[in-house]
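# Coordinate inspection notes
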Amino acid sequence: MSEQKCPVCKGKGTIELLGTQCPFCNGSGEHTKSAESYLKSHICQCIFLDRKTCPVCGKRCHHDTPNKPKIMVGPV
């Protein structure tokens, strides 16, 4: 059986965006059901970076906010 890694921190044990220990695997990098469940229903975190890519799952923006900012608009 292959060793599964934590889907949130990808087995690193730390959340790169925050620079903190992964709360789902407690820094061990091991797979947990809570991390798997979180990724299935998480709110897109692209608002922290480029508003195009979610830093948690790496997919294109899919967050659910009232304004749905899928593209950045500069001042006119």
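Parameters at a glance
Residues numbered from 1 in each chain as written. Predicted model: local features only at pLDDT ≥ 70, side-chain atom pairs only at ≥ 80, totals over all residues. Heavy atoms only, no water. Disulfide = S-S within 2.5 Å. Salt bridge = Lys/Arg side-chain N within 4 Å of Asp/Glu carboxyl O. Buried < 20%, exposed > 50% of the residue type's maximum accessible area, 1.4 Å probe, protein only. Helix = DSSP H or I, 4+ residues; strand = E, 2+ residues; numbered from the N terminus. 1 Å grid on protein atoms, 1.4 Å probe; cavity = no way out; pocket = protein on both sides within 12 Å on 5 of 7 lines; lining within 4 Å. Points joined across faces, edges and corners; volume = space filled by probe spheres on them. Nonpolar A, V, L, I, M, F, W, Y, C, P; charged D, E, K, R; others polar. Patch = residues over 30% accessible without salt bridge, like charges linked within 9 Å, V, L, I, M, F, W, Y side chains within 5 Å. Areas by Shrake-Rupley, 256 points an atom, 1.4 Å probe, with all protein chains shown as cover.

What the rule picks out here adds up to zero disulfides. Not part of a disulfide, C6 finds its nearest cysteine sulfur in C9, a span of 3.7 Å. Not part of a disulfide, C22 finds its nearest cysteine sulfur in C25, a span of 3.8 Å.

So, on to the pattern of salt bridges. Considering all chains together, one arrives at two salt bridges under this definition. Residues K12 and E16 are paired through a salt bridge, measuring 2.4 Å at the closest nitrogen-oxygen approach. Judged by its relative accessible area of 61%, E16 is exposed. Between E36 and K40 there is a salt bridge whose closest N-O contact spans 3.7 Å. Of this pair, E36 and K40 both sit in helix α1 (residues 33-41), four residues apart, roughly one helical turn. Its relative accessible area of 27% is what places E36 among the partly exposed residues.

We now examine the environment of R51. For R51, the position within the fold is in the segment after α1. What makes R51 partly exposed here is its relative accessible area of 29%. Along the chain, R51 and C61 lie ten residues apart, while their C-alpha atoms are 6.6 Å from each other.

Taken as a whole, the largest pocket spans an internal volume of roughly 380 Å³. Per-class residue counts for the lining of the largest pocket are eleven nonpolar, two polar and three charged.

Let us now look at a nonpolar patch on the surface. A contiguous nonpolar surface patch, about 510 Å² in accessible area, is contributed by L17, L18, I47, F48 and L49. Checked against the element boundaries, L49 lands in the segment after α1.

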